[in-house]
Amino acid sequence: MATAKKAPAKKAVAKKAPAAKKAPAKKAAPAKKAAPAKAPAAKKAPAKKAAPAKKRTPNAAFMKAMTPSAQLAAIIGDKPVPRTEVTKKVWEYIKANKLQDAAKRTMINADAKLKEIFKKGQVSMFEMTKLINGHLK
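In what follows, the accompanying structure is described. All values derive from a computational prediction rather than experimental measurement. Residue indices begin from 1 for each chain and proceed along its sequence in written order. Reporting of local features is limited, given that this is a predicted model, to residues whose pLDDT is at least 70; pairs of side-chain atoms are given and counted only at 80 or more, and all residues count toward the totals for whole chains, interfaces and linings. The basis for every side-chain value is the complete set of non-hydrogen atoms in the structure, without hydrogens or water.

Turning next to the overall build of the protein. Only DSSP runs of H or I with at least four residues qualify as helices, and only runs of E with at least two residues qualify as strands; both kinds are numbered from the N terminus onward. The secondary structure content of the protein amounts to five helices and two strands. Only protein chains enter the area calculation, which uses a 1.4 Å probe; residues under 20% of their type maximum are buried, those over 50% are exposed, and those in between are partly exposed. Out of the 137 residues belonging to the protein, those deemed buried represent 20%. The contact definition used throughout considers only heavy atoms, calling two residues in contact when any of these lie within 4.5 Å. Relative to all contacts within the protein whose residues are 6 or more apart in sequence, the contacts with residues 24 or more apart total 27%. Per-residue and other accessible areas follow the Shrake-Rupley method at a 1.4 Å probe size, with only the shown protein chains counted as cover for residues. Summed over all atoms, the accessible surface of the protein reaches about 12600 Å², with 60% contributed by carbon and sulfur.

Below, the structure written as structure tokens:
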């Protein structure tokens, strides 16, 4: 007696959709005669060549050394520093003391030193620079 073997069940395999064929390029229609122009067309200026990229120079206002207030000096030091460095040093302080809010990273939780500057318990990082500006001369 011959036993018939059952064909193994085929696994469902997702077929890839055939790549869309590009339509053949259409031939340009023969140009129609244009109506005579009343005035000659103005000549276009030749395209300017791109100048080689120059190294960007920082704005002098940002690089001017500013003296921090006593409250800000407790965080960044009392030496006059440019605004860019003030922001960097404040961020170093925030990162070192883990004051950035874990849930919403744009918010900064103020500790005792930062509360003297911010006047509130939590500020956004965008509001922070505005509040620090009031402590620079």
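Once that is clear, we can look at the nonpolar core. Burial of nonpolar side chains together is a common tendency in soluble globular proteins. As used here, the term nonpolar core means buried Ala, Val, Leu, Ile, Met, Phe, Trp, Tyr and Cys residues forming a set that is joined through side-chain atoms within 4.5 Å. In this structure, Leu 114, Phe 118 and Ile 132 are the most contacted members of the largest nonpolar core, which totals 19 residues. Examining the composition of this core, we find that four residues originate from one element, helix α3 (residues 83-96), more than from any other.

Looking at where Ser 69 falls in the secondary structure, it is placed in the loop between α1 (60-63) and α2 (70-76). The class of Ser 69 is buried, set by a relative accessible area of 16%. Side-chain polar atoms of Ser 69 contact the side chain of Gln 71, separated by 3.2 Å. Any pair of nitrogen or oxygen atoms within 3.5 Å is treated as a polar contact; in protein, a donor-acceptor pairing is required on top of that, and neighbouring residues in sequence qualify only through side-chain atoms on both sides.

Glancing now at the packing of α3 against helix α5 (residues 125-133). Axis definition: a line fitted to C-alpha atoms, over the contacting stretch in the case of helices. Angles run 0 to 180 degrees between N-to-C directions. Where α3 contacts α5, the two axes come as close as 11 Å, and the packing angle between them is 125°. Judged on the interaxial angle alone, α5 and α3 are oblique. In this structure, α3 crosses over α5, and the sense of that crossing is right-handed. Between α3 and α5, the residues in contact are Arg 83, Val 86, Thr 87, Val 90, Trp 91 and Ile 94 and Met 125, Met 128, Thr 129, Ile 132 and Asn 133, respectively. Looking at the contact of α3 with α5, its residues break down into seven nonpolar, three polar and one charged. Each angle receives one of four descriptions, namely roughly parallel if under 35 degrees, roughly antiparallel if over 145, roughly perpendicular if within 65 to 115, and oblique otherwise. Note: crossing handedness is left-handed where the near helix turns anticlockwise from the far helix by less than a right angle, and right-handed where it turns clockwise. As a working rule, the residues Ala, Val, Leu, Ile, Met, Phe, Trp, Tyr, Cys and Pro are called nonpolar, Asp, Glu, Lys and Arg charged, and the rest polar, with Gly in that last group.

Without other data, these values stay purely geometric and don't point to any function.
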